[in-house]
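Analysis of the macromolecular model
Chain by chain, the residues run as shown.
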Amino acid sequence: YVLSRTKQRRVRDFLKKRDMAWVKGNDVESQLSFNEIAEYGIDDVISLLLENGLSGYDIAVILTHTPGIAMMMPRTPPKHLQIKLDGKTLEETFDNAYKGLLLGKLNLKKYDAKKILRLCPGLLTMGGSKRAEDVIILMTSMGVSLKSLARDKKGLTVLLSRAPSSIFRLITFLASDVLRIPVSQIGPLLRNRQCRQLLDAVAPVSFVEPCHFCKTSSYEHVKGGVSSNEVGKKRQSINDAFKKMTKTAWTLQNHIGTRDLGNVIAAYPNVLLLDVNKQILPNAAYLMNELGICQDDLPRVLQLYPFLLGKNIKEMEATVSYLMDLGVEEEKLPSIFRAFPSLLSMDEKSMEPVIDFLKEIGIANIGRFVTRMPSVLGYSLDDLKPKWTFLSEVCLYPSFELSTFPAYFSYPIDRVTKTRYEYLRYVKKIPTELLALDFVLRYGDDDFAKVVAKDKDGGNKFATFVRLRAERLKKLKKRRKRIGSQVTES
């Protein structure tokens, strides 16, 4: 297919030159012959790419994805041929995209730059290299650093494949009176992986799937290109997406009462793609009518956790049913979900390990414990087990202490819990087994020193202990790391 297209293009170039010569009235000796047209083919393209450091594998992948590169003029033809180029040569686009953009501006390693070329070979075309440069200029103008763009290799590949005009249209929409998101916040938002689905809807990536070339020996899908009908459908789909987003934003502001819509979109960009009548309004009605969250509290709940607007109602019902089976009272549910709306996104499977652990350590009334400390259901066992082990060492009745003070699991074990118990044990010589758990932890550092440790210096002694302990642990950590590296080397 490539060789055929190359031959056809050469013939067209020759005929064009011949017609121009006849129009100007040149004599036969001055007319161009077919052999005077600059000769080039796929071998010259491959040679150019090899000279610039690409491997045979790199070239094979690039030409498989974008066979049109094989038909580009590799280098600028000699001046004596007087051939006027309508575009850029492959050498120029390669220098712009690979050397200038990937290795230069973004300061990528050669390995990463080659990988991006394999995944996004359109960068080597004249239009692709120009679009990629415009995208980088667009992102940096909104405060996104080149280092942050280069750090996300996968995201960068997709971003460079998008049309800058489509991205600019989305930026204009986000900064418009509809949403009023500051431009300085839009750049980081677009770089966020969670925004990829939104970008796919309004700034889709156009490319030929490599699997097509593997499953068929025919290139009819490439030769046919993209029909005007398909382009029209895609354009209409993008326009429909913007209309849908406008309606969604208006509903969130006027029906739901969301004040800071920018923060909601920053946390959950796909909220703009939700269907108003099938998702947003039914979910809001469920939260108010079934869970008892009042209308005034709903905007704050959705501000904290906007993912609920896209959550399946049946899945939320299953979560509520599971909590009630644990013994959580129905009248307590509104206050629980107002404070911890993320619980509605959890399922029984994700909560069971924590419930089993609480039963194992002797918590009898699980429902009451969860009511007083709902966030414990989202904790990891790797976080809970060390805290329970330490509590068992410093308390005579750890299960009882934990039942009376479930918030113990929310305190940092090293920075707060261990520090205070070590100070009481080794500095103040106070038997910690006789102290209630909540009495040790519920105060701030200054009040702890005054009320619990009975210090008379305004907390200075305890503050010094905390600082010296942190320095000691830091040195110990470095020593362990150094010893570990020595053992690994040996």
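That block above? That's the structure.
Residues numbered from 1 in each chain as written. Predicted model: local features only at pLDDT ≥ 70, side-chain atom pairs only at ≥ 80, totals over all residues. Heavy atoms only, no water.

Some remarks on the overall build of the protein chain
Under the convention used in this document: Helical segments are the DSSP runs of H or I of at least four residues, strand segments are the runs of E of at least two, and each set is numbered from the N terminus. Relative accessibility decides the category of a residue: with a 1.4 Å probe and only protein chains considered, values under 20% of the type maximum give buried, values over 50% give exposed, and everything between is partly exposed. Residues are treated as being in contact if the distance between any of their heavy atoms lies within 4.5 Å. Only the protein chains shown count as covering a residue, and every accessible area follows the Shrake-Rupley method with a 1.4 Å probe.
Summing up its helical and strand segments, the protein chain has 27 helices and 0 strands in all. Buried residues in the protein chain amount to 39% of all 490 residues. Of the contacts made within the protein chain by residues no fewer than 6 positions apart, 68% connect residues no fewer than 24 positions apart. Put simply, the protein chain shows about 27,500 Å² of open surface, and 53% of that area lies on carbon and sulfur atoms.

Digging into the nonpolar core
Note the threshold: For our purposes a nonpolar core is just a set of buried Ala, Val, Leu, Ile, Met, Phe, Trp, Tyr and Cys residues, chained together by side-chain atoms within 4.5 Å.
Formed by 129 residues in total, the largest nonpolar core has its most connected members in Leu-102, Leu-174, Leu-190, Leu-272, Leu-287, Phe-337 and Phe-409. Top element by residues in this core is helix α14 (residues 228–256). It accounts for 7 residues. Not counting residues up to four positions away in its chain, the partners in contact with Leu-272 are Phe-173, Leu-174, Leu-179, Leu-198, Lys-244, Met-245, Thr-248, Ala-249 and Ile-265.

Concerning a positive patch on the surface
Applied cut-off: Residues enter patches when their relative accessible area tops 30% and they take part in no salt bridge; the joining distance is 9 Å for like charges and 5 Å for the nonpolar side chains Val, Leu, Ile, Met, Phe, Trp and Tyr. Salt bridge criterion: a side-chain nitrogen from Lys or Arg within 4 Å of a carboxyl oxygen from Asp or Glu. His residues and chain termini do not enter the charge count, which takes Lys and Arg as positive and Asp and Glu as negative. Lysine's charge is taken at NZ, arginine's at CZ, aspartate's at CG and glutamate's at CD.
Together, Lys-109, Lys-147, Arg-151, Lys-153 and Arg-191 line one region of the surface with positive charge. Its place among the elements puts Lys-153 in helix α8 (residues 153–160). We classify Lys-153 as partly exposed; its relative accessible area is 32%.

Some details on a negative patch on the surface
Where like charges cluster on the molecular surface, the negative patch consists of Asp-325, Asp-347, Glu-348, Glu-352, Asp-356 and Glu-360. Structurally, Glu-348 is set in helix α20 (residues 348–360). Glu-348 sits in the partly exposed class, given a relative accessible area of 41%.

Concerning the pattern of salt bridges
Enumeration according to the criterion identifies 19 salt bridges in this entry. Across the pair Lys-99 and Asp-95 runs a salt bridge, and its minimum N-O distance is 3.5 Å. Of this pair, Lys-99 and Asp-95 both sit in helix α4 (residues 90–105), 4 residues apart, which is roughly one turn of the helix. The class for Lys-99 is partly exposed, based on a relative accessible area of 41%. According to the relative accessible area criterion, Asp-95 is partly exposed, its value standing at 30%. By sharing partners, the salt bridges in this structure join Glu-51, Arg-75 and Glu-91 into a single network.

Considering the side chain of Asn-270
Here is the rule: Pairs of N or O atoms within 3.5 Å make up the polar contacts considered here, provided that, within protein, one atom can donate a hydrogen while the other can accept it, and that residues adjacent in sequence are counted only when both atoms are side-chain atoms.
In this fold, Asn-270 is placed in the loop between α15 (261–267) and α16 (276–289). Separated by 3.1 Å, the side chains of Asn-270 and Gln-197 make a polar contact. For Asn-270, the contacting residues outside a window of four places in its chain are Gln-194, Gln-197 and Leu-198.

Considering a nonpolar patch on the surface
Together, Leu-396, Tyr-397 and Phe-400 line one region of the surface with nonpolar side chains, adding up to about 400 Å² of accessible area. Under the relative-accessibility criterion, Tyr-397 is labelled exposed at 61%.

A word on helix α18 (residues 313–326)
Inclusion rule: Expected helix span is taken as 1.5 Å per residue step, with the number of steps being one fewer than the number of residues. By arc we mean the arc of the directions from the helix axis to the C-beta atoms, nothing more.
The end-to-end C-alpha separation of α18 is 20 Å, in line with the 20 Å expected for 14 residues at 1.5 Å each. The complete set of buried residues in α18 reads Met-316, Thr-319, Val-320, Tyr-322, Leu-323 and Leu-326. Angularly, the buried residues of α18 cover 160 degrees about the axis, an arc narrow enough to put them on a single face. Facing away from the buried surface of α18 by more than 90 degrees, the exposed residues are Lys-314 and Asp-325.

Considering the packing of aromatic side chains
What counts here: Geometry of aromatic contacts follows a simple scheme: Phe, Tyr and Trp rings, the Trp one being its six-membered ring, pair when their centres are within 6.5 Å, and the pair is stacked under 30 degrees between planes, edge-to-face over 60, tilted otherwise. Remark: a charge is flagged as sitting over a ring if the NZ atom of Lys or the CZ atom of Arg is within 6 Å of the ring centre and within 35 degrees of the ring normal.
Here the structure, examined in full by the defined rule, presents 13 aromatic pairs. Between the aromatic rings of Tyr-305 and Phe-307, the centroid separation amounts to 5.2 Å while the plane-to-plane angle is 50 degrees, which identifies the pairing as tilted. Judged by centre distance (6.0 Å) and plane angle (35 degrees), the rings of Phe-405 and Tyr-411 are tilted. Classification of Phe-405 as buried rests on a relative accessible area of 12%. Classification of Tyr-411 as partly exposed rests on a relative accessible area of 21%. Three or more aromatic residues link up through ring pairs in this structure, and these residues are Tyr-423, Phe-448, Phe-462 and Phe-465. Across the ring face of Phe-448, the terminal group of Arg-420 is positioned such that the distance to the ring centre comes to 4.8 Å.

Thoughts on the packing of helix α2 (residues 42–51) against α4
How we decide: Axis definition: a line fitted to C-alpha atoms, limited for helices to the stretch in contact. Angles are taken between N-to-C directions and run from 0 to 180 degrees. Every angle not falling under 35 degrees, over 145, or within 65 to 115 is termed oblique; those three ranges are roughly parallel, roughly antiparallel and roughly perpendicular. A clockwise turn of the near helix away from the far one marks a right-handed crossing, whereas an anticlockwise turn of less than a right angle marks a left-handed crossing.
For the pair α2 and α4, interaxial distance at closest approach is 11 Å and the crossing angle is 30 degrees. Relative to α4, α2 is oriented roughly parallel. Where α2 crosses over α4, the two elements pack in a sense that is right-handed. On α4, the residues that touch Val-45, Leu-48 and Leu-49 of α2 are Leu-90, Glu-91 and Phe-94.

Examining the side chain of Thr-417
Within the secondary structure layout, Thr-417 lies in helix α24 (residues 413–427). Discounting chain neighbours no more than four positions away, the residues touching Thr-417 are Phe-390, Tyr-408, Tyr-411, Pro-412 and Leu-441.

With respect to unusual backbone geometry
For Lys-429, which is not a glycine, the phi torsion comes out positive at approximately 60 degrees. Given the relative accessible area of 62%, Lys-429 is considered exposed. Even without a glycine there, the phi angle at Lys-454 is positive, about 60 degrees. Along the chain, Lys-454 falls in the loop between α26 (445–452) and α27 (460–489).

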